[in-house]
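Below, each chain spelled out in residue letters.
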Amino acid sequence: MKCFAMLSIGKVGWIEKDKPSCGPLDAILRPLVLAPCTSDVHTVWEGAIGDRHNLVLGHESVGEVVEVGSLVKDFKPGDKVIVPAITPDWGSLEAQNGYAQHSGGMLGGWKFSNIKDGVFAEFYNVNEADANLAHLPEGVDPSDAVMLSDMVVTGLHASELADVGFGDTVCVIGIGPVGLMTVAGANLSGASHIYAVGSRPNCIEAAKFYGATDIVNYKEGDIVKQILDKTNGIGVDKVLIAGGDNDTFTQAIKILKPGGIIGNVNYLGDGDYINIPRIEWGVGMGHKSIKAGLTPGGRLKMAKLASLLETKKLDTSKLITHRFEGLEGIEPALMLMKDKPIDVIKPVVVIKY
Ligand code: NDP
Ligand code: ZN
């Protein structure tokens, strides 16, 4: 079968591989809609997970089941399904401890395009199909649904981490596709003022659509000053981080009220340490917490988030700025995520049969 793969750090290309085999609990899918991710860019061009050779890329997909293992109960060939980016081993001790993302070791639930071949192929394998696939609800557009695999679940996870509640004032740092879903998540969770930090005009437009009440442009001055000015020097209840760098944590602590929580879903690509400013952290006694995590996976999460699309409480279509057709669309779509021209939020690749 044809696959689009990481050949080595900095190199991608089309390769041929055997169709994956199906274990008793697994399913084999063919893609209906695929999406490239900023994480694929980190994987290939920043060597985020180390060097990989001929590893099939991609972890965001809606697919059609073509084969199921002998022990799979709830899915059959022909079913259209949402596939989470994270497909944990649900019997692992980490999953039993509530952190399935880390099944088998830190970040071990992230299997696609990390420890096994990803979804940018004619066929791909999903482990523990009954626990990791969710049926695509009737009437939900597969392109909108592919945003659930990673963008929605990750964006909303920032709010889960920081426990955003009714009336909270929230600053969302980064309004790419993940950050936009972070804005949407804070809004759905009842946040009042949502200060969205970004710079690109279409992301700013989308942030307002998803519930941002104030925009802060990080290219037009220190965001700490801008947020403190807007909050009469008080800061915010929660800071949700979906962009930036190690210094973003320093800024986040400075704009957080005592008792506040930072929820981080951003990937940190370099440096050995994160700087926490001692004074603004209440000299160790400010009750300012940092929670940071890999996005959740699994069937229940995907099914619940799909119901937000079904009931039209969330509209993911505003994230999709570019559409490609056919497997060959994977490469230009990935290059868009790499080069981030000003008008891109998220591309999708629709496969027609
Ligand atoms: P994008 O690159 O599209 O968005 C990044 C956002 O951060 C943009 O709005 C950008 O603004 C903003 N930004 C960049 N630098 C700064 C800065 N110094 N200060 C403030 N804002 C800044 O990325 P995605 O939305 O696709 O993904 C966001 C992050 O989430 C990535 O690191 C990705 O790897 C990670 N991720 C994590 C997952 C998890 O499981 N935790 C899952 C999926 C993704 P502008 O564009 O205007 O310059
Ligand atoms: Zn992704």
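The present account deals with the structure reproduced in this document.

Describing a nonpolar patch on the surface
Residues Ile274, Ile276, Trp281 and Ile290 make up a contiguous nonpolar surface patch of about 290 Å² in total accessible area. Positionally, Ile290 belongs in strand β14 (residues 289-292). By relative accessible area, Ile290 is classed as partly exposed at 35%.

Focus: the pairing of strand β11 (residues 214-217)
As paired elements, strand β10 (residues 194-198) and β11 share 4 bridges and run parallel to each other. Each residue of the ladder has a partner; that of Val197, found in β11, is Val216. Where the polypeptide runs from β10 across helix α7 (residues 201-210) and back to β11, its parallel neighbour, the crossover connection is right-handed.

Section: α7
If you check which residues of α7 are buried, you get Cys203, Ile204, Ala206, Ala207 and Tyr210. The arc that holds the buried residues of α7, viewed along the axis, is 165°, so those residues lie on one side. Set apart from the buried face of α7 by more than 90 degrees, the exposed residues are Pro201 and Glu205. Of the surrounding elements, those touching the buried residues of α7 are α6 (177-188), β10 and β11.

Observations concerning the pairing of strand β5 (residues 60-68)
Looking along a regular strand, one sees the side chains alternate between the two faces of the sheet. Pairing of strand β3 (residues 27-35) with β5, which is carried by 8 bridges, proceeds in the antiparallel orientation. Bridge pairing in β5 places Ile28 opposite Glu67. As defined by bridge partners, β5 adjoins strand β6 (residues 80-83) across 4 bridges and the pair is classed as antiparallel. The residue bridging Ser61 from the neighbouring strand is Val83, located in β6.

Re the nonpolar core
Met147, Leu148, Met181 and Tyr210 are the most contacted members of the largest nonpolar core, which has 54 residues in total. Tallying contributions element by element places helix α5 (residues 148-162) first for this core, with 8 residues. Shared between two domains, this core holds at least three residues of each, these being domain 1 (2-150 + 295-350) and domain 2 (155-292). With residues up to four places along the chain from it excluded, the contact list for Met147 reads Ala35, Val152, Thr316, Leu319, Ile320, Lys346 and Val348. Grouped together as the second largest cluster of nonpolar side chains are 34 residues, Met1, Val81, Leu327 and Ile351 included.

A closer look at the site of ligand 1
Residues in contact with ligand 1 amount to 27 residues; listed here are only the nearest, Thr38, Ile175, Ser199, Tyr218 and Asn266. Ser39 is positioned such that a nitrogen or oxygen atom in its side chain is 3.4 Å from an oxygen atom of ligand 1. Tyr218 places a side-chain nitrogen or oxygen 2.6 Å from an oxygen atom of ligand 1. Considered on its own, ligand 1 offers 940 Å² of accessible surface; in the complex 85% of this is hidden by protein.

Focus on the side chain of Thr316
Here Thr316 shows up in the loop between α10 (299-310) and β15 (320-325). Discounting chain neighbours no more than four positions away, the residues touching Thr316 are Asp144, Met147, Val152, Met181, Tyr210 and Leu309.

What counts, and at which threshold
Residues numbered from 1 in each chain as written. Chains lettered and ligands numbered in written order. Predicted model: local features only at pLDDT ≥ 70, side-chain atom pairs only at ≥ 80, totals over all residues. Heavy atoms only, no water. Patch = residues over 30% accessible without salt bridge, like charges linked within 9 Å, V, L, I, M, F, W, Y side chains within 5 Å. Areas by Shrake-Rupley, 256 points an atom, 1.4 Å probe, with all protein chains shown as cover. Salt bridge = Lys/Arg side-chain N within 4 Å of Asp/Glu carboxyl O. Helix = DSSP H or I, 4+ residues; strand = E, 2+ residues; numbered from the N terminus. Buried < 20%, exposed > 50% of the residue type's maximum accessible area, 1.4 Å probe, protein only. Pairing = 2+ DSSP bridges. Right-handed = clockwise from strand over helix to strand, strands pointing away. Arc of directions from axis to C-beta. Contact = heavy atoms within 4.5 Å. Core = buried A, V, L, I, M, F, W, Y, C linked by side-chain atoms within 4.5 Å. Domains from an automatic or database assignment. Near = heavy atom within 4 Å. Polar contact = N/O pair within 3.5 Å; in protein donor to acceptor, adjacent residues only side chain to side chain.

Any functional reading would require information beyond the geometric quantities listed.
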